[in-house]
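Now for the letters of each chain:
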Number of protein chains: 2
Amino acid sequence: MAARSERRSFWTWGYVSDEPSDDERNASAARLSARFGRDVNPPPIPDLDDVSLRPARIDVPARLAGFVTTDHAERATHTYGGHSMELLKALRGVFDNPPDAVAHPRTEDELEAVLAWCDAGGYTAIPYGGATSVVWGVNVPEASDAAVSIDLDHLSDVLEIDEVSRAGRFQAGILGPDLEAALRPMGLTLRHFPQSFPWSTVGGWVATRSGGHYATNHTHIDDFVESTRMLSPAGWMETRRLPGSGAGPSPDRLVIGSEGTLGIISECWLRLQKRPTFRATAGIAFPNWQAGTEAVRAVVQAKLWPANLRILDPVEAGASAGLDGTSALLIIGFESADVPQGANIRQAVALARDHGGRVADEDILIDDGGGKATGRGGAVGAWRNAFIGVNAGATNGLGLLSDTFETAITWDRWPEFDAGVRDRMTRVLADVLGEGAALSCRFTHVYPDGPAPYYSWNGPAALGGEAEQWQAIKDEATAAVVDAGGTVTHHHAVGRMHRPGWDRQRPDLFAEVLKAAKGRLDPNGILNPGVLIDA
Amino acid sequence: MAARSERRSFWTWGYVSDEPSDDERNASAARLSARFGRDVNPPPIPDLDDVSLRPARIDVPARLAGFVTTDHAERATHTYGGHSMELLKALRGVFDNPPDAVAHPRTEDELEAVLAWCDAGGYTAIPYGGATSVVWGVNVPEASDAAVSIDLDHLSDVLEIDEVSRAGRFQAGILGPDLEAALRPMGLTLRHFPQSFPWSTVGGWVATRSGGHYATNHTHIDDFVESTRMLSPAGWMETRRLPGSGAGPSPDRLVIGSEGTLGIISECWLRLQKRPTFRATAGIAFPNWQAGTEAVRAVVQAKLWPANLRILDPVEAGASAGLDGTSALLIIGFESADVPQGANIRQAVALARDHGGRVADEDILIDDGGGKATGRGGAVGAWRNAFIGVNAGATNGLGLLSDTFETAITWDRWPEFDAGVRDRMTRVLADVLGEGAALSCRFTHVYPDGPAPYYSWNGPAALGGEAEQWQAIKDEATAAVVDAGGTVTHHHAVGRMHRPGWDRQRPDLFAEVLKAAKGRLDPNGILNPGVLIDA
């Protein structure tokens, strides 16, 4: 397939076309100056040609020169993933640990060739999809003597669509919008919309156990994977395409979440949906967070399986959806290609009202077959727009330190978990950032046995000291989550960032098992070392 | 916990109390004599005390003598799982490869002690739950020099119930009915009812990826596992209790389906349900099998997620549910603890009628909250009773060779798959058994991307030559399924029986990975060798 039409921005999350204008950056600076009572101005954007890179430490052999390069701009733009601390470094022109070469294999033969080259030379090989990793999953490890970023952007074809079984075979490098565009004429959709959707790839979703559109039932990409094909230095591992199986431990479940440490996913069969035409949506206000989360539990345990079941705490409901700052907002959405959803939304609303939820009957929006979206107006629409526009980069370099962390926890521990996390975070934010920090929470996904809370925080950073401040806050967030029994990540992946938490959370023997598996698949330890396990 | 109140039958699938009476055996003999035109009589049931066993090849040290025994009856009753060829050998008094000792650890300390003893001595260790394996999962390998069967019957407590999250912590040896009895007072249920339910255990279900009650959506025990605790020679591996996670490959998914080769599961947290009170059921007749299976596809792809969505082919619908022998029968059942199911069953019936299904409106049974079962009358009830009474042992030794094989396949390949399997099976049955053999199919579970077909066959065996005949037929069944793209097992597990098919189906490198994992967890290769992989 042709190269991507859009070029990735090196200092914002997204494409060059997503970069904010000078006016937008100035407006952000004015807003933050007012909020924090200090003058900040947008820093200049460096010219990529002028940034200094360490000379490439490897030579590309002639036989690979058609798709492997040591080009300056290529190496610079493959230095970082999408985390704010990375984008800040990039904005400041700091590219101190770039890959030594970047590969763009156009065929599986070329993929084999570049991986074999890395393996023979002992070069670190970093699988690279959309580079939207917010957990330091695509960086060159400090200890690496030489590293090659293997960008799958050319392995991005739709290979087969099986309309009968509703499944499709995709190359790993295909981007979300390209996949959906290919399915639309058939009335099909994958309906997996992580926040990174416009810029991230099928291979990245599978490698990182990406969380998607569905807030309940089938939440992770895991549930949509029918089979996988992965190249490791030891060879290809391709699983059989099956709707279900009970034959031994699932090989796909080893590939899913392997984060580039066991092999490079080259293609997958994914389960598809018919495009929904029946929809129903309601935004329900609760007098407080606790009542709202109890309502969520009631709805999810009734197993109505809404596509959307997301609650915003009073801070988020106030900021994103215009509520009063004390009320929580629960957004419930059902969708189906075949079945009217009026009965389901009314059942869910009844359960929510039993728990103190308030919504007028006329604000329960039902579309019985027209295919019209029902969640674009009112508080629900306001929240949707805030979600989509997030992370656009307008505040980069303006001293606003912000991040999110996400987890999952069983319901029995949830109230105490939330109180503990908020307490520890409030303290560390005050300690590190002083006055003016903010903390909020929503649920992105919900299970009958527990929610997946997503915390956001921000506050005024010391300009130039952001990285140290961020690390202190992150360490506390990780400790707060893991100490209280949560997972260090529900859908952002482990990468290098979450290693301290994951090392505490996963059984020690499981790390040993992963090392043994890696020893067989990647005996020289070239694949993404430092992610998940030490080489 | 106390020992089980019921003793396992050594020649039928179930307890001694499930054994058929002499009258039942004589009636079976008369029926089969008539069917096959030859006189057969029930063989005598041997006295277990009289059967000859190879002397135990190991001595039990005094410190283990409180729970490890070389008792004759114990060794004999732990020789076999539940497959018909095993029960036939037992009925004929053939116990040529018994375990040398049987352990009944009463605590995790005793479990550790017996496993350490096996590891130090190089004795094969065979985890033993309810011994309902129909795939030779609990046998002593021929090559073993000494083997210990580790029966978890005393590790069978309910350890915790979390009513808020709806989850429970169970020891691995608990039986299905005991688990449900403990949950009933709280209004909870696991609702996992494999056909082995009365006699099988939580640990066995998890180790073998057991398929349960739900025909759609969450079909395998896999989906109900919240965490696991497993002992291997290298130590304990306990996972964190989480409703969902995206942190690395799932450790539980390595334990699930490991079939006793990586460790002995000692306990699990499982997700529970509220007991259903709303129910709706319909039995829908189709003019032929093809039309019926297309209707199943329409219903499952509409994602209504019925608890029951099982179709019987005309042979099974005739034999088990009294239909005319040309019509297929589709049984659709919905259930919920919270939500009336009338709308769902009407939607599903409408889709079925669109595909030629026939059911009178008054035969759509709906119970809106009374908790009464709706599937106990008419054709649906007749099928249910036939299903529950299966395998009771009354035909053992009477020259009726019968078995089942089950798989899963994507919808696009299903019609050709079914035709091919039927063709190959019809031929091999005629070749091996001559006239009078029967073959039929139903779906036990269904996915949006494909069904899980379950084939049954039977016919007149040569008395005394059953094992060879069975093997010839089984080899062809396995080849037919695997050649055509199916899985060698959807929920019966791999064991030693399905190794040839599994070895073809799973990626070679995945077998290498499993061996590497086993090398770390079980370096001396004592755990259930020959299952899944070679030691």
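Structure: above.
Keep in mind that what you see is a predicted model, and the values were worked out from it rather than measured. (Residues numbered from 1 in each chain as written. Chains lettered and ligands numbered in written order. Predicted model: local features only at pLDDT ≥ 70, side-chain atom pairs only at ≥ 80, totals over all residues. Heavy atoms only, no water.)

## Overview of the interface of chain B and chain A
Each partner contributes residues to the interface: chain B has 83 residues there, and chain A has 83 residues. When residues of chain B are sorted by the area they lose upon contact with chain A, B:Arg240, B:Pro249 and B:Leu509 head the list and together hold 11% of the total. At the boundary of chain B and chain A, one finds six salt bridges. Here A:Arg520 makes a salt bridge to B:Glu512, at a shortest N to O gap of 3.1 Å. When residues of the side of chain B that touches chain A are traced back to their parent elements, those giving at least two are β8 (225-232), β9 (235-238), α7 (252-255), α8 (289-301), β18 (450-460), α14 (499-505) and α15 (508-521) of chain B. Residue classes in the side of chain B that touches chain A are distributed as 36 nonpolar, 27 polar and 20 charged. (Contact = heavy atoms within 4.5 Å. Buried area = accessible area lost by both parts, 1.4 Å probe. Salt bridge = Lys/Arg side-chain N within 4 Å of Asp/Glu carboxyl O. Helix = DSSP H or I, 4+ residues; strand = E, 2+ residues; numbered from the N terminus. Nonpolar A, V, L, I, M, F, W, Y, C, P; charged D, E, K, R; others polar.)

## Regarding the side chain of B:Thr79
All names here are of chain B. Mapped onto the elements, Thr79 comes out in the loop between α2 (72-77) and α3 (84-91). For Thr79, a relative accessible area of 3% gives the class buried. A polar contact is formed between the side chain of Thr79 and the backbone oxygen of Arg75, at a distance of 2.8 Å. Within polar-contact distance, the side chain of Thr79 engages the backbone oxygen of Ala76 at 3.0 Å. Once residues lying within four places of it in the same chain are set aside, the contact partners of Thr79 are Phe95, Asn97, Pro98, Pro99 and Asn139. (Buried < 20%, exposed > 50% of the residue type's maximum accessible area, 1.4 Å probe, protein only. Polar contact = N/O pair within 3.5 Å; in protein donor to acceptor, adjacent residues only side chain to side chain.)

## Here we look at the packing of helix α12 (residues 414-433) of chain A against helix α13 (residues 466-483) of chain A
Residues and elements named next belong to chain A. Closest axis-to-axis distance for the α12/α13 pair is 9 Å, and the angle between their directions is 165°. Accordingly, the angle class assigned to the pair α12 and α13 is roughly antiparallel. Our pair here, α12 against α13, has a crossing hand that is right-handed. Residues Phe417, Val421, Arg424, Met425, Val428, Leu429, Val432 and Leu433 of α12 touch α13, and the partners they reach there are Gln469, Ala472, Ile473, Glu476, Ala477, Ala479, Ala480, Val481 and Asp483. Residue composition of the contact of α12 with α13, by class: 13 nonpolar, one polar and three charged. (Axes fitted to C-alpha atoms, helices over the stretch in contact; angles between N-to-C directions. Parallel < 35°, antiparallel > 145°, perpendicular 65-115°, else oblique. Left-handed = near helix turned anticlockwise from the far one by under 90°.)

## A look at the relation of the copies chain B and chain A
Of the transformation placing chain B onto chain A, the axial shift is 0.0 Å and the rotation is 180°, giving an RMSD of 0.0 Å. In symmetry terms, the pair is related by a two-fold rotation axis. Residue B:Ala516, judged by its C-alpha, is the member of chain B lying nearest the rotation axis, at 2.7 Å. Most of the interface of chain B is mirrored in chain A, where 100% of its interface residues again form contacts. (Least-squares fit on C-alpha atoms with pLDDT ≥ 70 in both.)

## Notes on the sheet that holds strand β8 (residues 225-232) of chain A
Residues and elements named next belong to chain A. What the five strands build is an open sheet, ordered β5-β6-β10-β8-β9; its pairing is antiparallel. Edge strands, defined here as strands with exactly one partner in the open sheet, are β5 (158-162) and β9 (235-238). Sheet twist, expressed as the mean angle between neighbouring strand axes with direction ignored, is 10°. By the bridge criterion, four bridges tie β5 to strand β6 (residues 167-171) in an arrangement that is antiparallel. In the sheet register, Asp162 faces β6, and the bridge partner there is Ala167. (Pairing = 2+ DSSP bridges.)

## So, the sheet that holds strand β4 (residues 147-151) of chain A
All names here are of chain A. Spatially, the four strands line up as an open sheet ordered β1-β2-β4-β3, and their pairing is mixed. The open sheet is flanked by β1 (68-69) and β3 (124-128), the only strands paired with a single partner. Pairing of β3 with β4, which is carried by five bridges, proceeds in the parallel orientation. Within β4, the position partnered with Pro127 by the bridge is Ile150.

## Focus: helix α4 (residues 108-121) of chain B
Residues and elements named next belong to chain B. Along its 14 residues, α4 runs 20 Å from first to last C-alpha, staying within 8% of the 20 Å computed at 1.5 Å per residue. Residues Glu108, Glu110, Leu111, Val114, Leu115, Trp117, Cys118 and Asp119 constitute the buried set of α4. Downstream of α4 by one or two residues, Gly122 has phi in the positive range, about 70°. (Expected span 1.5 Å × (residues − 1).)

## Some details on the packing of aromatic side chains
Evaluated as defined, the whole model comprises 26 aromatic pairs over all chains. Taking 5.1 Å as the distance between ring centres and 75° as the angle between the ring planes, the aromatic pair formed by A:Trp117 and A:Tyr123 counts as edge-to-face. Their ring planes at 55° and their centres at 6.1 Å tell us that B:Phe10 and B:Phe95 sit as a pair that is tilted. Of this pair, B:Phe10 sits in the segment before α1 (22-36) while B:Phe95 sits in the loop between α3 and β2 (101-103), and the two are 85 residues apart along the sequence. Each member of the pair, B:Phe10 as well as B:Phe95, is classed as buried. Feature note: the residues A:Trp289, A:Trp411, A:Trp414 and A:Phe443 constitute an aromatic cluster, connected by ring pairs. Positioned above the aromatic ring of A:Trp502 is the side chain of A:Arg506, whose terminal nitrogen or guanidinium carbon lies 5.8 Å from the ring centre. Here B:Arg241 stacks its cationic end above the ring of B:Trp269, 3.7 Å away from the centre of that ring. (Phe/Tyr/Trp six-rings, centres within 6.5 Å; stacked < 30°, edge-to-face > 60°. Lys NZ or Arg CZ within 6 Å of the ring centre and 35° of its normal.)

## Side note on unusual backbone geometry
Residue and element names in this part refer to chain B. Located in the positive-phi region is Trp136, a residue other than glycine, with phi close to 60°. Among the secondary structure elements, Trp136 is positioned in the loop between β3 (124-128) and β4 (147-151). We classify Trp136 as partly exposed; its relative accessible area is 23%. In this structure, Arg209 is a non-glycine residue whose phi angle is positive, near 55°. Along the polypeptide, Arg209 turns up in the loop between α6 (202-208) and β8.

## Things to note about the pairing of strand β17 (residues 438-447) of chain B
All names here are of chain B. Among the 10 residues in β17, nine count as buried, and that is most of the element. By the bridge criterion, nine bridges tie β17 to β18 in an arrangement that is antiparallel. Counterpart to Ala438 in the pairing with β18 is Asn458. Between β17 and β18, which pair antiparallel one after the other, the connecting turn spans two residues.

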